[in-house]
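# Observations on the model geometry
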Amino acid sequence: MEKIQPSLSRQDIICAETPGSPVAMVVFGASGDLAHRKLIPSIFNLFTQDLLDERFYLLGCGRKKITDEQFRESVKQAIRQSRSGASAKDLDAFAEKLYFASGDYDNAEFYKSIKAGLVELDKKHKVDGCHIFYLAIPPFLYSTIVEHLGRASLSCSGQSDSKCRARLVVEKPFGRDLQSAAELNEKISRCFDESQIYRIDHYLGKETVQNILMFRFANIIFEPVWNCEYIDHVQITITESMGIGHRGSYYDQAGVLRDIFQNHMLQMLALVAMEPPASFEADCVRDEKVRLLRFIRSFSPGDLNNSIVRGQYGPGVVDGKHVVGYRSELGVDQNSRTETFVAAKLFIDNRRWQGVPFYLRAGKRLAHKDTEVAITFKKVPHSMFASAGLDDMPSNVLVLQIQPEEGISLRFQAKRPGSKICMSTLNMNFNYKDVFLVDMPEAYQRLLLDCMLGDQTLFDRYDSVETAWRLLEPVLQRWQNDESAPYEYPAGSESTPETDGLIESDGRAWRKLAEI
Ligand code: BG6
């Protein structure tokens, strides 16, 4: 296929970035994997880009008995691993902002000592009581920590100034079903109100995911065709080649439906399908997202197997290496029925999307890592080239490539030079790195900066979390009670007959993974 490269004129770039406010971040689980691999390196990036207020400091909290110095060293090492170019000078300067408090999460004394530590550190760094509490710990600990924060009056620190109120950052999944999410929300709401709660879904911080709204609503040419009159179907794919790593005990309780589908997948679907918000204000955007989620047709228990299919990886070969099956992974029950792959067909019952199927698939240990949204348009209603045998021309397809390739491509037909009637399928591609000449920032960087600024646009509001769980409730219940195991697919598969059936029975096919 031919490739056409667009060009970008510098005047076209409108950029505005506000540095973070003077805050302290208290990270629970600071010596853990998430904090070391993602959070703290992202804060370091903000620091090196002058986007961190000079008064910022971070108090790590955890069960490990380590000193400030030991914590600083482990953080420096983690940053060096993720950012080979980090200078020793920057690392030393950043490390001076880091502290560590050890203790048991269920001991009230721990929170008293955190509170006393914050008073002292606020004074030292000239922070005015504005604290962000980040829960980078397993979900079963969320309520314990939040209750203690409330009892120690830490949830209302800085309350005289609304911009400077304590904030709570909670990782997904928020709950494990409708009921547990409601219980968790109720517990959190006793100490923090909605304006203080930042529910993280890191997909919303990805540049390419943020771009969905810009692409749709900052251009005039797409909106008129963004509906059931012109669109045949939409495919959203989140596949990974990696397995579950060291997270077996968490993953076996979650599965891909809770880990990815309820949050990353449905949030992307909402961005692709929602109506234009009145403005780019947090609640305007979040109102439209939840409205869209409410329009998704409920799964019908009688027809579940034709709408959603689950699989689990067996042994296989990924990137040329033999890998074990899911049930042999560390921390996984050897008879586990947890799904590592899911494919679903959804309909959105509103005027814009009447009759347009949305095919969604997400899974681990597949042939490639690939996240994309592909919009397939309807075929031309009548081909004037039919007499030359060109009556069935391929559809236009618009692909929003989320990762690892980051870009947009549009497939269309054009005349090939030569004989009078001769056509080719072309792909017009735009690639972020080629055009903007920058490395794409880590999603957490965007989200952490927004949280410091008190901007909730890219965070999940409870009503959208609740709506997503409500949609999946019949599926979770069915799978919990269903004694049969998910079908097994060999690790490294490109596709599987079970999921192919879901789309092929409609006369369509999945896009090949990593196809542009
Ligand atoms: C996380 C899931 O939310 O997203 C992981 O818990 C998954 O299981 C990860 O691997 C994928 O994120 P990304 O940014 O690599 O697509």
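All of these numbers come straight from a predicted model, not from anything done at the bench.

## Brief notes about the packing of helix α9 (residues 282–295) against helix α12 (residues 462–481)
α12 packs onto α9 with a crossing angle of 15° between their chain directions and a minimal axis gap of 9 Å. It follows that α9 is roughly parallel to α12 by the angle criterion. Relative to α12, the crossing made by α9 is left-handed. Contacts between α9 and α12 involve Val 290, Leu 293 and Arg 294 from the first element and Asp 463, Ser 464 and Thr 467 from the second. In terms of residue class, the contact of α9 with α12 is made up of two nonpolar, two polar and two charged.

## Some thoughts on the nonpolar core
Counting 154 residues, the largest nonpolar core has Phe 28, Phe 94, Phe 133, Tyr 134, Phe 192 and Phe 358 as the members making the most contacts within it. Setting aside residues up to four positions removed in sequence, Tyr 134 forms contacts with Met 25, Val 26, Val 27, Phe 28, Leu 39, Val 169, Glu 171, Ile 200, Tyr 444 and Leu 448.

## Some details on the site of the ligand
Surrounding the ligand, one finds Lys 172, His 202, Tyr 203, Lys 206, Glu 240, Met 242, Arg 247, Asp 259, His 264, Lys 364, Lys 369 and Gln 403. Measuring from an oxygen atom of the ligand, one finds a side-chain N or O atom of Gln 403 at 2.6 Å. For the ligand, whose accessible area on its own is 390 Å², the fraction buried by protein is 85%. Of the residues belonging to the shell around the ligand, the class tally is two nonpolar, three polar and seven charged.

## Details of helix α7 (residues 207–217)
Burial analysis of α7 places eight of its eleven residues in the buried class, the great majority of the element. Lining the buried residues of α7 we find α8 (248–273), α9, β15 (397–403), β16 (407–415), α10 (432–436) and α11 (443–453).

## Re the side chain of Asp 370
Take Asp 370: it is sitting in strand β14 (residues 370–377). One buried charged side chain, Asp 370, makes no salt bridge at all; its nearest oppositely charged neighbour is Arg 361, positioned 6.0 Å away. A distance of 3.2 Å separates a polar atom in the side chain of Asp 370 from a polar atom in the side chain of Gln 401.

## Examining the confidence of the model for the chain
Where the model shows low pLDDT, its predicted coordinates should not be examined in detail. For the chain, per-residue confidence averages 92 on the pLDDT scale, and residues scoring 70 or more make up 95% of the total. Ranking the elements of the chain by mean pLDDT puts strand β1 (residues 3–4) last with 48 and strand β8 (residues 231–239) first with 98.

## A short note on the sheet that holds strand β5 (residues 131–135)
Sheet architecture is open: six strands sit in the order β4-β3-β2-β5-β6-β7, paired in parallel fashion. Where the open sheet ends on each side, the last strands, each with one partner, are β4 (98–102) and β7 (197–200). Neighbour-to-neighbour, the strand axes of this sheet turn through a mean angle of 20°, independent of strand direction. The pairing of β5 with strand β6 (residues 167–171) spans four bridges and is classified as parallel. Considered in β6, the bridge of Ile 132 is made with Arg 167. Along the sheet, α11 makes contact with β2 (24–28), β5, β6 and β7, crossing β6 at roughly 155°.

## Quick notes on α8
By the largest-angle criterion, Gly 255 marks the main kink of α8, which is about 100°. Among the 26 residues in α8, 23 count as buried, and that is most of the element.

## Some points on the packing of aromatic side chains
Following the criterion strictly, the structure yields 24 aromatic pairs and no others. When the ring of Phe 44 is compared with that of Phe 94, the centres are 5.4 Å apart and the planes differ by 70°; the resulting orientation is edge-to-face. Of this pair, Phe 44 sits in helix α1 (residues 33–48) while Phe 94 sits in helix α3 (residues 88–95), and the two are 50 residues apart along the sequence. Note on Phe 44: relative accessible area 0%, which makes it buried. For Phe 94, a relative accessible area of 1% gives the class buried. Through a chain of ring-to-ring contacts, the aromatic side chains of Tyr 250, Tyr 251, Tyr 313, Tyr 326, Phe 341, Tyr 487 and Tyr 489 assemble into a single cluster. The ring of Tyr 203 has Lys 206 sitting right over it, with the charged end atom 4.7 Å from the ring centre.

Reading the values: the criteria
Residues numbered from 1 in each chain as written. Predicted model: local features only at pLDDT ≥ 70, side-chain atom pairs only at ≥ 80, totals over all residues. Heavy atoms only, no water. Axes fitted to C-alpha atoms, helices over the stretch in contact; angles between N-to-C directions. Helix = DSSP H or I, 4+ residues; strand = E, 2+ residues; numbered from the N terminus. Parallel < 35°, antiparallel > 145°, perpendicular 65-115°, else oblique. Left-handed = near helix turned anticlockwise from the far one by under 90°. Contact = heavy atoms within 4.5 Å. Nonpolar A, V, L, I, M, F, W, Y, C, P; charged D, E, K, R; others polar. Core = buried A, V, L, I, M, F, W, Y, C linked by side-chain atoms within 4.5 Å. Buried < 20%, exposed > 50% of the residue type's maximum accessible area, 1.4 Å probe, protein only. Near = heavy atom within 4 Å. Polar contact = N/O pair within 3.5 Å; in protein donor to acceptor, adjacent residues only side chain to side chain. Areas by Shrake-Rupley, 256 points an atom, 1.4 Å probe, with all protein chains shown as cover. Lys, Arg positive; Asp, Glu negative; His and termini not counted. Salt bridge = Lys/Arg side-chain N within 4 Å of Asp/Glu carboxyl O. pLDDT = per-residue confidence, 0-100. Pairing = 2+ DSSP bridges. Bend = angle between axes of the 7 residues up to and from the residue. Phe/Tyr/Trp six-rings, centres within 6.5 Å; stacked < 30°, edge-to-face > 60°. Lys NZ or Arg CZ within 6 Å of the ring centre and 35° of its normal.

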